[in-house]
Amino acid sequence: MNYQNFPLEAQRRREPVFNLPPVIVALSAILIAVHVARQFLSQEADLKVLLWTAFLPARYSHVPVLNGLLPGGFAADVWTFVTYALLHGDAIHLAVNLIWFLAFGSAVAWRFGAPRFLVFCAVTAAAGSAVHLATHYGDIAPLVGASAAISGTMAAAVRFAFEAGGPLGAWRNSGPEAFRVPASPLLSSLRNPQVLVFLGVWFLLN
């Protein structure tokens, strides 16, 4: 088909098949690159990566058997609250997280803009590891995966995505204004049937 025969205005209205925010594309590429790179590491080298970047509740319990084995000192005690989100257990873990990240992270990224979105992801990832620490204090098993950050983007998205005029609402809008509809109060969101169905599916999958 010769698109040159189309009216100029129609060509301008054509949208790309994948309309993703650049920050989502960049973060997804980083998550994939990290996972692929780990596949080429020896078991010993990959263990070092986990010790440096995964979240280990045992870091904070001063378990004697781990004295001297956990690298990074105080700095790693801080950065692993976030860096664990860059790692994934296997390809399925990564793929499932990416699907939800592309769907709901994109809506929040368009609304927030890249800098605010990155801060939001870091804060929600840290919140997830903090809850894990509180419920698994002293555990030596590493926590990995971006699930906490992605859950944060989903929680943010349901506040506006299902509203009238939002990207997933009954009267949806596909334009940029769809991502700027007013966010509903939390209790109102929890009374929205679409939100409740979404939450049910999410909890079932988890």
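Given the structure is predicted, the values throughout are model-derived calculations rather than measurements. All residue numbers here refer to positions counted from 1 along the written sequence of the relevant chain. For this predicted model, a pLDDT threshold of at least 70 governs which residues receive local features, and a threshold of 80 or more governs which side-chain atom pairs are given and counted, while totals over whole chains, interfaces and linings are taken from all residues. The side-chain figures draw on all heavy atoms in the structure; neither hydrogens nor water molecules are used.

So, the layout of surface pockets
Alright, step 1. With a 1 Å grid spanning the protein atoms alone, the term cavity applies to any set of points in which a 1.4 Å probe fits but cannot get out, the term pocket to an open set with protein on both sides within 12 Å along at least five of seven lines, and the term lining residue to any residue with an atom within 4 Å of a point. Grid points are joined across faces, edges and corners, and a volume is the space filled by probe spheres set on the points. By volume, the second largest pocket is sized at about 240 Å³.
Alright, step 2. Lining the second largest pocket are 14 residues, with Leu27, Ala85, Leu86, Cys121 and Ala149 sitting closest to its centre.
Alright, step 3. Numbered from the N terminus, helices here are DSSP runs of H or I no shorter than four residues, and strands are runs of E no shorter than two. Those elements that place two or more of their residues in the lining of the second largest pocket are helix 2 (22-39), helix 4 (73-83), helix 6 (114-135) and helix 7 (147-157).
Alright, step 4. Per-element tally for the lining of the second largest pocket: the top contributor is helix 6, with 4 residues.

Here's the deal with the packing of aromatic side chains
Alright, step 1. Centre distance within 6.5 Å is the pairing criterion for rings of Phe, Tyr and Trp, where only the six-membered ring of Trp is used; planes under 30 degrees apart are then read as stacked, over 60 as edge-to-face, and the remainder as tilted. Within this structure, the stated rule accounts for 8 aromatic pairs.
Alright, step 2. On the basis of an interplanar angle of 15° and a centroid distance of 6.1 Å, the ring pair of Trp52 and Trp79 is categorised as stacked. Here the residue Trp52 occupies a position in helix 3 (residues 43-53), and Trp79 occupies one in helix 4, the gap between them amounting to 27 residues.
Alright, step 3. Aromatic rings pair up to connect Phe55, Tyr60, Phe81 and Tyr84 into one cluster.
Alright, step 4. Any Lys NZ or Arg CZ that is within 6 Å of a ring centre and within 35 degrees of that ring's normal is treated as a charge sitting over the ring. Geometry around Phe112 places Arg116 over its ring, the cationic atom sitting 4.0 Å from the centre.

Side note on the nonpolar core
It is characteristic of soluble globular proteins that their nonpolar side chains tend to be buried jointly.
Alright, step 1. We call a set of buried residues a nonpolar core when its members are Ala, Val, Leu, Ile, Met, Phe, Trp, Tyr or Cys and they connect through side-chain atoms within 4.5 Å of each other. Note on exposure labels: buried denotes an accessible area under 20% of the residue type's maximum, exposed denotes more than 50%, and partly exposed covers the range between, all computed with a 1.4 Å probe on protein chains only. Within the largest apolar cluster, 32 residues are counted, with the highest numbers of intra-cluster contacts made by Phe55, Trp100, Val108, Phe117, Met154 and Phe198.
Alright, step 2. Contributions of two or more residues to this core are made by helix 2, helix 5 (91-112), helix 6, helix 7 and helix 9 (193-205).
Alright, step 3. Looking at which element gives the most residues to this core, the answer is helix 5, with 7 residues.
Alright, step 4. In what follows, a contact means two residues having at least one pair of non-hydrogen atoms within 4.5 Å. Discounting residues that sit within four places of it in the chain, Phe198 has contacts with Trp100, Phe104, Met154, Val158 and Phe162.

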